[in-house]
Amino acid sequence: MTRLLLALAGVVLLAVTALAAVWLLGQLLTGLGLFIVGAAGVLGRLLWFLLITGVLAGVVYFVASAWRPSVRAPVRPFKARPATPRPASDGTKRGRRGNRTGLAPVPPVPAGTVPSSAAPVIPAPAAPTTPERTPTEPVQTGPAPTTAAGTEAAASGPVRSGD
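Residues numbered from 1 in each chain as written. Predicted model: local features only at pLDDT ≥ 70, side-chain atom pairs only at ≥ 80, totals over all residues. Heavy atoms only, no water.

J.: Can you walk me through the overall build of the chain in this structure?
T.: Helices and strands together make up the secondary structure of the chain, namely two helices and two strands. Going from N to C terminus, the chain has its helices and strands arranged as α-β-β-α. Per-residue burial for the chain yields a buried fraction of 0% across its 163 residues. Only carbon and sulfur atoms are counted for the fraction: they give 69% of the accessible area of the chain, which is about 16,900 Å². (Helix = DSSP H or I, 4+ residues; strand = E, 2+ residues; numbered from the N terminus. Buried < 20%, exposed > 50% of the residue type's maximum accessible area, 1.4 Å probe, protein only. Areas by Shrake-Rupley, 256 points an atom, 1.4 Å probe, with all protein chains shown as cover.)

In structure tokens form, the structure reads like this:
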């Protein structure tokens, strides 16, 4: 009897396993089918887009070519001018018209004498104003003064409003 029950349990277990495998295979095929249908839809829309774009581009090309003249004016051939030899440079610079350009000689100036046109002008110092005349308070570099009895010392650190 035990053998019969074990054989029956094995057949039931095998049937349930086969049924689960068939169900899983159906799920996979359904997902694969949905993917294929979606990809076909996307590719179909892309094909329509490309067709419409191609037709519209052809229309634009045709209309744009209607305004182009059918007979073009002949193009004159380029004639190169014969090269004229340039004279050798003698070291002087020349301007646009070919005239020599150069710096005018500067006359030497004896040491200690400065022409009045080149003398620097030194402005007179301005008079100090009233606040500048008052002496400033000395800066204290030692420890902070202690507070008198009955007063509170201010807390060090940032001051916060509203506390």
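After that view of the structure, there is still more to cover.
J.: Looking at this structure, I do not really get helix α1 (residues 2-66). What am I missing?
T.: A turn of α-helix holds 3.6 residues, and therefore any two residues three or four places apart point the same way. Over its 65 residues, α1 extends 96 Å from the first C-alpha to the last, a length consistent with the 96 Å expected when each residue adds 1.5 Å. For α1, a buried count of zero out of 65 residues is recorded, marking the element as mostly open to its surroundings. (Expected span 1.5 Å × (residues − 1).)

J.: Just checking my understanding: could you explain the confidence of the model for the chain for this structure?
T.: The predicted coordinates should not be examined in detail at positions where pLDDT is low. Per-residue pLDDT for the chain averages 77, and the proportion of residues at 70 or more is 52%. Mean pLDDT values over the elements of the chain span from 58, in helix α2 (residues 130-133), up to 95, in α1. (pLDDT = per-residue confidence, 0-100.)

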